[in-house]
2 protein chains.
Amino acid sequence: MSEQLVIALDTMGGDWAPEVVIRGAALAQQRFPKVRFLLYGPEERLKTLLAKHKALQGVSDIVHTESVVRAEDKPSQALRNGRQSSMWQAIEAVRDGRANGVVSAGNTGALMAFAKFVLRTLPGIDRPAIASFFPTLKGESVMLDLGANIQCDANNLVQFAIMGNVFARTVLGIEAPQIGLLNVGSEDVKGDESLREAQSILRDTEFARQYYGFVEGDDIAKGTVEVIVTDGFTGNVVLKAIEGTAKLYAEFLRQTFKSSFLAALGYMIARPALRSLRIRLDPRRYNGAILLGLNGIVVKSHGGTDAFGFANAIAVAVDLVANKSIERIRQDFERLTHRPGPDSEIQSAVV
Amino acid sequence: MSEQLVIALDTMGGDWAPEVVIRGAALAQQRFPKVRFLLYGPEERLKTLLAKHKALQGVSDIVHTESVVRAEDKPSQALRNGRQSSMWQAIEAVRDGRANGVVSAGNTGALMAFAKFVLRTLPGIDRPAIASFFPTLKGESVMLDLGANIQCDANNLVQFAIMGNVFARTVLGIEAPQIGLLNVGSEDVKGDESLREAQSILRDTEFARQYYGFVEGDDIAKGTVEVIVTDGFTGNVVLKAIEGTAKLYAEFLRQTFKSSFLAALGYMIARPALRSLRIRLDPRRYNGAILLGLNGIVVKSHGGTDAFGFANAIAVAVDLVANKSIERIRQDFERLTHRPGPDSEIQSAVV
């Protein structure tokens with residue numbers, strides 16, 4: 001990155017705010033020494049914390065806020081009362097050009113509501129989606145929506161597909177990602193009306209070559225496609241089911257290595273290799289969900305993560321900024337909506 | 001089991017039919033020496049196979065069928081042309097009282113269509129569901145629907161809850177299983193209308209004490225509840241996502257133990273313990289999905305399983321028969337629908 005890049009942080013979001021946010025920012029500062037930070041939160045408390053992180057202090061400005069969005073606040077309630085909160089103010093920094101992106105570990109519903117209200121959606125996009133990436137047999141994939149939209153129509157799904165495609169190209173660095181619609185079978189007749197309609201629209205756009213078809217639940221881990229598109233209900237349940245399964249297997253493995261003397265000995269000997277496996281599967285590495293489809297970069301960190309996890313969420317924001325992902329999503333939607341020819345059905349489907 | 005118990009087998013279903021079915025039946029015969037088998041399939045071929053399994057031969061009768069439902073047949077197509085197939089005939093054996101249950105590794109859609117047509121649903125149940133069980137941190141849970149009903153209304157979900165409850169009591173042997181509705185959050189406002197309505201109905205029935213509330217995707221592996229109720233779309237995607245994740249982790253673990261000399265040595269030493277882990281997580285142990293809500297016991301085996309897996313599917317059918325699960329589902333629905341009092345809303349919701 002040649003130009004100065006600024007990330008706004010909602011220091012009061014998440015279970016261990018603001019300590020974890022500041023320690024996460026300090027880790028991120030080591031990885032991205034040229035990035036500057038705008039820290040939204042209680043000035044005195046942040047000053048005390050920053051005193052322990054001199055390098056971070058040198059690249060940070062504090063913007064004092066007192067109000068905080070709580071984890072239990074409903075989005076509507078937060079929208080009414082939250083304008084002076086660290087979360088809202090940090091998002092406004094992006095709108096006003098003072099920051100290139102914002103990271104928060106706070107209330108997801110409020111973050112989405114604020115971001116939509118303050119930043120607005122990009123032209124051609126009806127609803128933003130939450131996206132994140134997953135380890136697969138072949139590398140990494142991105143899945144969306146992970147919970148922003150409980151019910152989705154065909155146009156929403158098509159828009160998610162195009163946004164996910166840009167995300168896979170910019171953040172995962174995949175040249176021509178394949179897109180799949182999550183379904184209960186691969187045949188054309190499977191799924192509900194909106195899935196079938198989304199498939200027929202995608203086959204008709206210029207993204208047709210990147211559209212793979214319907215994929216099933218096991219295709220996520222197989223890495224059959226790099227972009228998995230689904231409604232926010234299914235995506236949220238699947239995301240958490242995968243996390244739960246991963247924890248279950250890790251726990252079973254832990255119990256196994258404690259089950260006998262030989263098992264414990266084998267563990268000791270294989271420990272370096274098992275440690276790299278743990279690093280590879282560390283959920284903190286996959287921390288940082290993106291609110292895609294907005295006029296600005298908004299990254300949601302898991303509320304319960306630690307400094308290492310929060311630093312990874314910052315890294316996702318930095319990647320998105322450095323790769324000009326918003327500009328690329330905008331361009332892709334412009335190409336779709338301003339294409340010549342009488343293809344009004346597709347145009348209206350996307351617009 | 002004191003009385004004679006007969007299981008009908010569709011020997012022509014699954015990827016390795018009829019060999020795997022016969023070898024699976026032979027394994028099941030060792031576990032359940034008093035069970036008799038009705039084998040539906042090509043007589044000469046089955047006779048040749050049975051010649052290698054004398055004990056099984058002694059408790060089996062062959063019913064000759066020539067026609068076969070193929071994996072790619074659509075349910076409607078199979079319903080028109082499949083009346084002479086091994087699958088249809090085996091289901092009729094249950095209807096006519098010649099068998100107590102049927103097991104097939106064939107086409108799921110056709111099996112469900114045939115079973116609904118031949119056996120009919122139980123009084124009070126609009127739609128049957130597919131149920132199966134999962135390993136959890138606390139033991140095992142049952143989840144349904146896993147794919148029979150892509151869209152479900154509140155009454156469907158309530159019926160699934162009651163059927164799943166009986167299943168958990170009979171097959172898993174849990175005295176008072178807790179029921180959860182799979183959702184994207186635990187708050188009352190989460191999810192769509194049918195989930196919220198199902199929750200309010202369940203809280204109003206005599207099953208209220210066994211109704212836990214909304215659960216999320218990670219609650220499946222945690223074992224928060226013993227019965228997880230969801231629509232067939234979500235259930236199918238989640239089932240396969242969990243299977244895919246399990247395979248991904250097993251593969252990562254395999255790669256880890258091959259990644260260095262020490263890792264391989266550690267593996268050798270810990271091998272007995274790791275072998276019990278593999279046995280514990282063996283997907284074949286969880287083979288045998290149940291078509292719940294029918295006037296008869298129908299168990300679906302995975303099409304790609306081996307003899308050990310197929311034997312487990314037979315074991316599920318034997319368990320269901322031995323525990324009189326159909327009778328108990330019938331009773332539970334009668335209690336609900338014939339209860340005294342003016343509670344017509346609940347009655348109509350369930351009927």
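As a reminder, the structure under discussion sits directly above these lines.
Position numbers for residues count from 1 along each chain, tracking the sequence in the order it is written. Chain A is the first chain written and ligand 1 is the first ligand written, with later ones labelled in order. pLDDT decides what is reported in this predicted model: residues at 70 or higher carry local features, side-chain atom pairs at 80 or more are listed and counted, and totals for whole chains, interfaces and linings draw on all residues regardless. As a rule here, side-chain values come from all non-hydrogen atoms in the structure, and water together with hydrogens is ignored.

Explanation requested: the overall build of chain A in the structure shown.
Going along the chain from the N terminus, every DSSP run of H or I of four or more residues is numbered as a helix, and every run of E of two or more is numbered as a strand. Tallying secondary structure elements over chain A gives 14 helices and 11 strands in all. Taken along its principal axes, the extent of the C-alpha atoms in chain A is 60 × 60 × 40 Å. Within chain A, the fraction of its 351 residues that count as buried is 58%. The criterion used for residue contact is that any of the two residues' heavy atoms lie within 4.5 Å. Put simply, of all contacts in chain A between residues at least 6 apart along the chain, 71% involve residues at least 24 apart. If the 40 positive side-chain charges of chain A are averaged to one point and the 39 negative ones to another, these points end up 8 Å apart. Residue burial is assigned from relative accessible area. The probe radius is 1.4 Å, only protein chains are included, and a residue is buried under 20% of its type maximum, exposed over 50%, and partly exposed in between. His is not counted here, nor are the chain ends, while Lys and Arg score as positive and Asp and Glu score as negative. Charge placement uses NZ in Lys and CZ in Arg. For Asp and Glu, CG and CD serve respectively.

In this structure, what is going on with helix α11 (residues 261-281) of chain A? I would like to understand it.
Each turn of an α-helix holds 3.6 residues, which means side chains three or four residues apart point in the same direction. Expected helix span is computed as 1.5 Å times (number of residues minus one). Taking 1.5 Å per residue as the helical rise, α11(A) with its 21 residues ought to reach 30 Å, whereas the 26 Å between its terminal C-alpha atoms falls clearly short. Most pronounced at R271(A), the bend in α11(A) amounts to some 70°, and the proline P272(A) follows within four residues. Of the residues making up α11(A), those classed as buried are A263(A), G266(A), A270(A), A273(A), L274(A), L277(A) and L281(A). Residues of α11(A) that are buried in the fold lie against α10 (232-257) of chain A together with α10 (232-257) and α11 (261-281) of chain B. Bend, in this description, refers to the angle at a residue between axes fitted to the seven residues ending there and the seven starting there.

Help me understand the relation of the copies chain A and chain B in this model?
What connects the two chain copies is a rotation about an axis and a shift along it. Mapping chain A onto chain B is achieved by rotating through 180° and translating by 0.0 Å along the same axis, at an RMSD of 0.0 Å. Seen this way, the second copy is the image of the first under a two-fold rotation axis. Identified as the residue of chain A closest to the rotation axis by C-alpha distance is G266(A), at 1.9 Å. What sets the superposition is a least-squares fit of C-alpha atoms, and only residues with pLDDT of at least 70 in both copies go into it.

Looking at this structure, how should I read the environment of F133(B)?
All names here are of chain B. With respect to the helices, strands and loops of the structure, F133 is situated in strand β5 (residues 129-135). In sequence terms F133 and D219 are 86 residues apart; their C-alpha atoms lie 14 Å from each other. Ignoring any residue separated from it by four or fewer positions in sequence, one finds F133 in contact with E140, S141, V142, F167, L172, R285, Y286, G288 and V316.

In this structure, what is going on with the layout of surface pockets? I would like to understand it.
Using a grid of 1 Å spacing that covers the protein atoms alone, one calls a set of points a cavity when a 1.4 Å probe fits there but cannot get out, and a pocket when the set is open and has protein on both sides within 12 Å along at least five of seven lines; lining residues are those with an atom within 4 Å of a point. Grid points are joined across faces, edges and corners, and a volume is the space filled by probe spheres set on the points. Volume-wise, the second largest pocket comes out at about 530 Å³. Around the second largest pocket, the lining is made up of 24 residues, and of these Q151(A), D192(A), Q151(B), D192(B) and D231(B) lie nearest the centre. The set of elements that each furnish at least two residues to the lining of the second largest pocket consists of α8 (193-202) and α10 of chain A together with α8 (193-202) and α10 of chain B. Gly counts as polar in this scheme, as do all residues outside two lists: the nonpolar Ala, Val, Leu, Ile, Met, Phe, Trp, Tyr, Cys and Pro, and the charged Asp, Glu, Lys and Arg. In the lining of the second largest pocket, the residues fall into 12 nonpolar, eight polar and four charged.

In this structure, what is going on with the interface of chain A and chain B? I would like to understand it.
For interface size, the figure often reported is the accessible area lost on association. At the interface, 49 residues of chain A touch 50 residues of chain B. Throughout, the accessible surface (probe 1.4 Å) given up by two parts as they are put together, summed over both, is called the buried area. Taken over both partners, the interface formed by chain A and chain B buries close to 4400 Å², and the fraction arising from carbon and sulfur atoms is 78%. Here, a salt bridge means any Lys or Arg side-chain nitrogen found within 4 Å of an Asp or Glu carboxyl oxygen. Counting across the chain A and chain B interface gives two salt bridges. A salt bridge links E216(B) to K240(A), with the nearest nitrogen and oxygen atoms 2.3 Å apart. Contributing elements (two or more residues each) for the side of chain A that touches chain B: α9 (217-222), α10 and α11 of chain A.

Would you mind showing me how to read the side chain of D332(B) here?
Residues and elements named next belong to chain B. Locating D332 in the fold gives a position in helix α13 (residues 325-337). Polar contacts, as used here, are pairs of N or O atoms within 3.5 Å; protein pairs need one atom able to donate a hydrogen and one able to accept it. Residues neighboring in sequence count only if both atoms are side-chain atoms. A polar side-chain atom of D332 sits 2.6 Å from a polar atom in the side chain of R169. Setting aside residues up to four positions removed in sequence, D332 forms contacts with I162, V166, R169 and F207.

Explain the nonpolar core to me, please; I cannot follow it from the model alone.
Most often, soluble globular proteins keep nonpolar side chains buried together rather than apart. Judged by nonpolar contacts, the single largest core of 220 residues is most densely connected at I7(A), L9(A), F37(A), I7(B), L9(B) and F37(B). Residue contacts for L9(B): discarding those within four places in its chain leaves V21(B), A25(B), F37(B), L38(B), L39(B), Y40(B), A90(B), V103(B), F310(B) and I314(B). The criterion is simple. A nonpolar core is a set of buried Ala, Val, Leu, Ile, Met, Phe, Trp, Tyr and Cys residues joined through side-chain atoms within 4.5 Å. Counting residues in hydrophobic clusters, the runner-up holds 22 residues, among them A221(A), A246(A), A270(A) and L274(B).

Explain the pairing of strand β11 (residues 297-300) of chain B to me, please; I cannot follow it from the model alone.
The side chains of a regular strand alternate, residue by residue, between the two faces of the sheet. All names here are of chain B. Neither face of β11 is left uncovered, since the one carrying I297 and V299 and the one carrying V298 and K300 both have all their residues buried. In the sheet, strand β4 (residues 101-104) pairs with β11 via four bridges, with the strands oriented parallel. Paired with G101 across the two strands is I297, which belongs to β11. Two strands are said to pair when DSSP picks up at least two bridges between them. Pairing analysis gives three bridges linking strand β10 (residues 289-292) to β11, with the strands arranged antiparallel. For I290, the partnering residue across the bridge sits in β11 and is V299. Counting the residues that bridge the hairpin from β10 to β11 gives four residues, and of these G293 lies at a positive phi of roughly 105°.

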